[in-house]
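Coordinate inspection notes
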Amino acid sequence: MYQHHDWQGCLLDYPVNKVVCVGSNYAKHIKEMGSATPQEPVLFIKPETALCDLKQPLALPQGLGEIHHEVELAVLIGTTLRQATTDQVIQGIAGYGVALDLTLRQVQAELKKTGRPWEKAKGFDNACPVSGFIPAKDFANDPQNTVLGLKINGEWRQQGNTEDMITPIIPLIAYMSKYFTLRPGDVILTGTPEGVGPLNSGDNLEVVFDGKSVSTRVL
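Residues numbered from 1 in each chain as written. Predicted model: local features only at pLDDT ≥ 70, side-chain atom pairs only at ≥ 80, totals over all residues. Heavy atoms only, no water.

1. With respect to the pairing of strand β10 (residues 147–152)
In terms of strand pairing, β10 meets strand β11 (residues 155–161) through 6 bridges, oriented antiparallel. Of the residues in β11, the one forming a bridge with G149 is Q159. As consecutive antiparallel partners, β10 and β11 are separated by 2 residues, and within that stretch N153 has a phi angle of approximately 50°, a positive value. Across 5 bridges, β10 lies against strand β14 (residues 204–209) in antiparallel orientation. Bridge pairing in β14 places I152 opposite L205. (Pairing = 2+ DSSP bridges. Helix = DSSP H or I, 4+ residues; strand = E, 2+ residues; numbered from the N terminus.)

2. A closer look at helix α5 (residues 169–179)
Counting buried positions along α5 gives 8 out of 11 residues, so the element sits mostly inside the fold. Of the positions making up α5, those classed as buried are I169, I170, L172, I173, A174, Y175, M176 and S177. The elements touched by buried residues of α5 are β1 (19–23), β2 (42–46), β5 (71–77), α2 (86–92), β6 (93–100) and β12 (187–189). (Buried < 20%, exposed > 50% of the residue type's maximum accessible area, 1.4 Å probe, protein only. Contact = heavy atoms within 4.5 Å.)

3. Some remarks on the UniProt feature "domain: Fumarylacetoacetase-like C-terminal" (unreviewed entry) in the chain
Within this structure's numbering, the places UniProt gives as "domain: Fumarylacetoacetase-like C-terminal" (unreviewed entry) are residues 18–211. Helix makes up 19% of residues 18–211 and strand 32%, and the two end C-alpha atoms of the span are 27 Å apart. (UniProt positions renumbered as here; feature names shortened; annotations may be inferred.)

4. Some words on the pairing of β1
In regular strands, side chains alternate between the two faces of the sheet. Along β1, 5 of the 5 residues are buried, which leaves the element largely enclosed by surrounding structure. Where burial is concerned, the two faces of β1 agree: the one with V19, C21 and G23 and the one with V20 and V22 are both buried. Relative to β2, β1 runs antiparallel, the two being bridged by 5 bridges. Across the sheet, residue G23 finds its bridge partner in β2, namely V42.

5. Description of the environment of F133
Note on placement: F133 falls in the loop between β8 (128–130) and β9 (134–135). Owing to a relative accessible area of 2%, F133 belongs among the buried residues under this scheme. Taking the C-alpha atoms as reference points, F133 and H5, separated by 128 residues in sequence, lie 6.4 Å from one another.

6. So, empty space enclosed by the protein
For the structure on display, the rule yields 1 cavity of 30 Å³ or more. Empty space within the largest cavity amounts to approximately 140 Å³. Lining the largest cavity are 17 residues, and of these G23, S24, H29, E70 and W118 lie nearest its centre. When residues of the lining of the largest cavity are traced back to their parent elements, those giving at least two are β1, α1 (27–32) and α3 (105–113). Considering each element in turn, the lining of the largest cavity owes the most residues, 3 residues, to α3. (1 Å grid on protein atoms, 1.4 Å probe; cavity = no way out; pocket = protein on both sides within 12 Å on 5 of 7 lines; lining within 4 Å. Points joined across faces, edges and corners; volume = space filled by probe spheres on them.)

In structure tokens, the structure reads:
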């Protein structure tokens, strides 16, 4: 069973709750998907059952079409945030990590065609592999100027920088808190840069985050 932990693997004293995500938060990703730039952040939620440890081999659902990788900065919430101000959001961030927002792409495409919600495509079991978190006070660099990347079988598939977000981290979390009360242990996903694509059984992954990396593989 998944539990939040720090970068070294020590358990953190936060409950495991929901994952609040934003779509279409990088311009080049919007372009590669053939989408229009939204007028406001596009929010969706993954349940706690979507969370799993990024270091563990990825067990993906079978028979549901392609499963695409989307590498994202992850933020761990440490205090309750509701209708939060910028200062409250800054104080409420417990740590930063990296995650994969896994997506059943063909399922999502069909849901989009008919205007239905995305949950089946985004919230399935193990749809949010996440790393350990670096405490916010120990994060040496600017989270809003952090390199993200993904190598598959030694080849770069995604490379980006959080400075390219359309809605930056702090105002994004404040916006989310207008609609959803954010509680300790919630995880925020902040969008993905360009280069998304399918995962295949046997793939070896290296997820890069602010000069660190996490390796895993697809079963």
